[in-house]
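# Remarks on the overall topology
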Amino acid sequence: MSADARYDFDTVVDRRGTWSVQWDGVADRFGVDGLLPFTISDMDFETAPQVLSALRTRIDHGVFGYTTWQQDDFRSAIAHWYATRHGVRIDTGQLVYGPSVLSQLSQLLQMWTAEGEGVVVHTPVYDGFRKAITGLGRELRGVPVGDTAALERELARADSKVLVVCSPHNPTGRVWTRDELAAMASLAARHGVAVISDEIHADLVHPGHAHVPWTCVADEREGEGKRRWALLSSASKAFNFPALTGSYGLIGDPADRAEFLRRMGTAEGLASPAVLSLTAHIAAYREAGDWLEQVRAYVGGNLELVAERLNEAFPGLGWEPPQAGYLAWIDLRPVGIEGADGDEALQRVLVEREKVAVMPGAVYGVEGFVRLNVGCPRSKAEAGVQALIRGVRAVAGGVS
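Described below are features of the structure shown in this document. Quantities reported herein were computed from a predicted structural model and do not represent experimental measurements.

### Quick notes on the packing of aromatic side chains
For any pair of aromatic rings, the description rests on two quantities: the centre-to-centre distance and the angle between the ring planes. Going through the model one piece at a time under the given rule, you end up with 15 aromatic pairs. When the centroid spacing of 5.7 Å and the interplanar angle of 85° are considered together, the rings of F45 and Y298 count as edge-to-face. Within this pair, whereas F45 is found in the loop between β1 (36-38) and α2 (49-61), its partner Y298 is found in helix α10 (residues 289-313), the two being separated by 253 residues in sequence. For the pair F45 and Y298, a shared accessibility class is recorded, and that class is buried. Note on F239 and W291: the rings are 5.8 Å apart at their centroids and 20° apart in plane angle, and the pair reads as stacked. Taken together, the residues span a long stretch of sequence, with F239 in the loop between β7 (229-233) and β8 (247-251) and W291 in helix α10 at a distance of 52 residues.

See the structure below:
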C-alpha cells in the first residue's frame, strides 16, 4: 500500500458476537447487556492493512509449530521503530518477551519485591496495576500525578522496592517530560528503588508532545548507585491487536534479564511466543507507520469533538484533550458530579436511560471523574459524549 494511502476510520465494524470484552462482556461489569460501550482501552478499528496482509501470508503457510522471538526479524523491527519513531537507539541485547505487559510486570514484581513490601504508583492508577500489585500481596502506595514531594516521601520508605511508571500515563493521558522522568530516575536510584516503565501508550502521543523512553534516563549517575529498571511495551495498543497477545521489554541489568527469561521459560512455561504476534509486530513496526499517524490524527479529532461538545454544554468545565491516547479523562466535579453518590447516580442514568457504558473514575481510585474511550468511528464518539452530557445534566440539574 502506498505511503499516501488514506484509511477509513468512519465505517462502523460490528464487533458484537466476536467475544469482545468491550462489546460482548459489557454485562460482566455493568450488569446489563446491549450497552454502547466506551470502556476497555482497545479501538473499534481494523488493524493496519499491512498487518492484516502479513498475518494472512503467515496463516497461508499453514504450519504453526514452536517459535522463537530471539531472531533478528523481531529484534531489528523493534530497533527500527525506536530509531524512526522516537529517535532513540536501543540495545537489542536487552530485549525480553512476554505474553502481555501486565504478565511481565507481575514477573518483575515477584523478582524485585517480597510480600508486604511497597510498590509506588501515580494516582489515579490504571486498575490493571492495582490488581497485579495487590494480587501479589504487595502494598500499593499511591502518589498524585505531579506531586514530587509525595513521590520522594514514598520512595524513601525503607520497604518501598519498586516504582511503576505509566508513560504516557493512563488514565490521564499525561506525557512525562524528559526532566520529569530524569527526576524520577534520580529519586529511585537515591533510595535504591527499581523502576518499571509501562510504555504501551507511547506511540499515540499527540502533536506538541514527545515520548521519552525510559532508556534515555536509565543511565547510572555518579553518587546515585545502581539503577535497576525495565521498560515494557507492545505494538498491540497502537495498532489494535491485543487479542494476538505479545509484548516485549528491555531490562537493564544482565543478571535480572537472565533471571526474567529463566522464569518465563521454566516456571511460566512460556518459552515459545505466539507466532502471529511476532508477525504483527514486525509488520506494524516496519510497514504501518503511516496508518498509525492517520489513526492518531483521527482519534485526536474525536477528542477535539469531545472537548467542543463538553465545553459548549458546560462552559465552566474547561476540559482539554489528553496529551496522548484516545481515552478522555474527564473531571466532572466542576459540574456537580462529586463523591460516591454522584458517581453512582451518574452511572445509573448512563446505564438505565442512556444505554451506554462509561468507566467511572472510582475504577482508577478517584471519584467525580469518568474515562470515555473514543478510539472509535466519529459517529460513536458523538453518541457517547452526547449521552454523557445528558446524563450529567440529569444528575446535576443543569449546573454549569
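### Observations concerning the sheet that holds β1
What the four strands build is an open sheet, ordered β1-β10-β11-β9; its pairing is mixed. Looking at strand neighbours, the two that pair on one side only are β1 and β9 (327-331), the edges of this open sheet. Between one strand and the next, the sheet's axes are offset by a mean angle of 30°, whatever the strand orientation. Note that β9 and strand β11 (residues 369-373) share five bridges and pair antiparallel. If you follow L327 over to β11, its bridge partner there is N373. In the packing of α10 onto the sheet, contacts are made with β9 and β11, and the angle to β9 comes to roughly 25°. The sheet strands contacting helix α12 (residues 378-396) are β1, β9, β10 (356-360) and β11, and the helix crosses β1 at an angle near 90°.

### Some remarks on the pattern of salt bridges
For the structure on display, the rule yields 22 salt bridges. Taking the shortest distance from any N to any O, the salt bridge between D127 and K131 comes out at 3.7 Å. Here D127 pairs with K131, and both are found in helix α5 (residues 127-135), just four residues apart, close to one helical turn. Look at the salt bridges and you will find they share partners, linking E139, R141, E154, R157 and D159 into a network.

### So, α5
Restricting attention to buried positions, one finds in α5 the residues D127, G128, F129, A132 and I133. Positioned one or two residues after α5, G137 has a phi angle of 80°, which is positive.

### Considerations on the pairing of β8
Among the five residues of β8, five are classified as buried, and the element is accordingly described as predominantly covered. What you see with β8 is no split at all: S247, G249 and I251 on one side and Y248 and L250 on the other are buried throughout. In the sheet, strand β2 (residues 95-98) pairs with β8 via four bridges, with the strands oriented antiparallel. The partner of Y97 across the bridge, within β8, is Y248.

### Digging into the environment of Y298
The buried category is assigned to Y298, whose relative accessible area is 10%. When the C-alpha positions of Y298 and R378 are compared, they lie 8.5 Å apart, and in sequence the two are 80 residues distant. Apart from the residues lying within four places of it in its own chain, the contact partners of Y298 are F9, D10, F45, C376, P377 and R378. In terms of polar contacts, Y298 uses its side chain to reach the side chain of D10, at 2.4 Å.

### With respect to the side chain of R141
Inspection of the secondary structure assignment puts R141 in strand β4 (residues 139-144). On the basis of relative accessible area, R141 is assigned to the buried category, the value being 3%. Only 2.8 Å separates the side chain of R141 from the side chain of D159, close enough to count as a polar contact. Excluding residues that lie within four positions of it along the chain, R141 makes contacts with G118, V119, V120, V121, E154, R157, D159 and S160.

Reading guide: rules and limits
- Residues numbered from 1 in each chain as written.
- Predicted model: local features only at pLDDT ≥ 70, side-chain atom pairs only at ≥ 80, totals over all residues.
- Heavy atoms only, no water.
- Phe/Tyr/Trp six-rings, centres within 6.5 Å; stacked < 30°, edge-to-face > 60°.
- Helix = DSSP H or I, 4+ residues; strand = E, 2+ residues; numbered from the N terminus.
- Buried < 20%, exposed > 50% of the residue type's maximum accessible area, 1.4 Å probe, protein only.
- Pairing = 2+ DSSP bridges.
- Axes fitted to C-alpha atoms, helices over the stretch in contact; angles between N-to-C directions.
- Contact = heavy atoms within 4.5 Å.
- Salt bridge = Lys/Arg side-chain N within 4 Å of Asp/Glu carboxyl O.
- Polar contact = N/O pair within 3.5 Å; in protein donor to acceptor, adjacent residues only side chain to side chain.

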